[in-house]
Amino acid sequence: MKFLGTQQYIATEDLQIAVNAAITLQRPLLIKGEPGTGKTMLAEQVAESLGMRLIQWHIKSTTKAQQGLYEYDAVSRLRDSQLDTGDVDVTNISNYIRQGKLWEAFESNEQVVLLIDEIDKADIEFPNDLLQELDKMEFFVYETGQTIKAKHRPIIIITSNNEKELPDAFLRRCFFHFINFPDRDTMREIIAVHYPEIQKNLVNEALEMFFQLRDVPGLKKRPSTSELIDWLKLLMSDDIPDDILSNRDQSKAIPPLYGALLKNEQDVSLLERLAFMHRRETR
């Protein structure tokens, strides 16, 4: 059982090695990289490649580790006991236990891929609160006295955008891989997966402009792979001239349809100032 990438996902050799090493070691795979480099999509493609079901747990700033295990709905139980409709047996506390994503993965009758997406969005204690559960592959339900053990150890993929540092104790239990931003050749392969019929000259001109834009000093948010794909989709649309890039005004630093690439006014202003300074120097 090895991951070798898929037709929809270009996985570098280093990334393939990392995925397969994590599977062999039975360790969570911690994936870091710039936003838009395919971290979340990796889990989807690993599941597809290995023929496994994918369970996704998307983390928010308010997410607590306990929610991944289970939640006890005491409020609903109190309400039902007061209303006494007879629809639910209020003496059976398991009727008020909501299973979390880890419980779902542990109880699965077949091995699954579990994605814990953007773990760095949660508070700093969130990873530490999952150490025991991810290590032992089990947890205790205090309300019912159950111990939930994994029937099959899931393949766990954890993503992080590096918004905050993760605890050392958590990192020790993971296999780590950083997805480097794709070089031009890899980017061409990625584009070919999305748009196999795209004209080569459009790809060359778009990549030239895209990488020049990423190299601009002081850019607050550099455009990502997913934004390049969106931009190319716009450039290929029927109502856009074929020569929009080749015949663009070279005195302007802002690319055509820049809204797909630049996502804040500071970066737009920066490019406008650079273009103005360039025009003054060339007079």
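Refer to the structure presented above.
Residues numbered from 1 in each chain as written. Predicted model: local features only at pLDDT ≥ 70, side-chain atom pairs only at ≥ 80, totals over all residues. Heavy atoms only, no water.

Student: A description of the overall build of the protein should follow, citing residues and the corresponding values.
Tutor: Of regular secondary structure, the protein possesses 11 helices and 9 strands. Its C-alpha atoms give the protein a radius of gyration of 24 Å, more than 25% over the compact-globule value 19 Å for 283 residues. When the backbone C-alpha atoms are referred to their principal axes, the protein occupies close to 85 × 45 × 40 Å. Per-residue burial over the protein gives 45% buried out of 283 residues. In the protein, the proportion of contacts linking residues at least 24 apart, taken out of those at least 6 apart, comes to 74%. The average position of the 34 basic charges and that of the 45 acidic charges among the side chains of the protein differ by 4 Å. (Helix = DSSP H or I, 4+ residues; strand = E, 2+ residues; numbered from the N terminus. Rg over C-alpha atoms; globule rule 2.2 N^0.38 Å. Buried < 20%, exposed > 50% of the residue type's maximum accessible area, 1.4 Å probe, protein only. Contact = heavy atoms within 4.5 Å. Lys, Arg positive; Asp, Glu negative; His and termini not counted. Charge placed at Lys NZ, Arg CZ, Asp CG, Glu CD.)

Student: Tell me about the packing of helix 9 (residues 200–214) against helix 10 (residues 225–235), and please be specific about residues and values.
Tutor: Across the interface, helix 9 lies against helix 10 with an axial gap of 11 Å and an inter-helix angle of 135°. Taken together, the axes of helix 9 and helix 10 lie oblique to each other. Considering only the axes of helix 9 and helix 10, their crossing is right-handed. In this structure, helix 9 contributes L202, A206, L207, M209 and F210 to the contact, and helix 10 contributes L228, W231, L232 and L235. By residue class, the composition of the contact of helix 9 with helix 10 is 9 nonpolar, no polar and no charged. (Axes fitted to C-alpha atoms, helices over the stretch in contact; angles between N-to-C directions. Parallel < 35°, antiparallel > 145°, perpendicular 65-115°, else oblique. Left-handed = near helix turned anticlockwise from the far one by under 90°. Nonpolar A, V, L, I, M, F, W, Y, C, P; charged D, E, K, R; others polar.)

Student: I'd like to hear about the side chain of S108, residue by residue, with values.
Tutor: Position of S108 among the secondary structure elements: in the loop between helix 5 (101–107) and strand 5 (112–117). The exposure class of S108 is buried, given its relative accessible area of 6%. Among residues more than four places away in sequence, those in contact with S108 are R53, K151 and H152.

Student: Give me the pattern of salt bridges: which residues, what numbers.
Tutor: By the definition in use, this model includes 11 salt bridges. E104 is the partner of R53 in a salt bridge, and the nearest nitrogen-oxygen pair spans 3.0 Å. Here the residue R53 occupies a position in strand 2 (residues 53–58), and E104 occupies one in helix 5, the gap between them amounting to 51 residues. When its relative accessible area of 29% is taken as the criterion, E104 is described as partly exposed. Three or more residues joined by partner-sharing salt bridges are found here, namely E34, R214 and R222. (Salt bridge = Lys/Arg side-chain N within 4 Å of Asp/Glu carboxyl O.)

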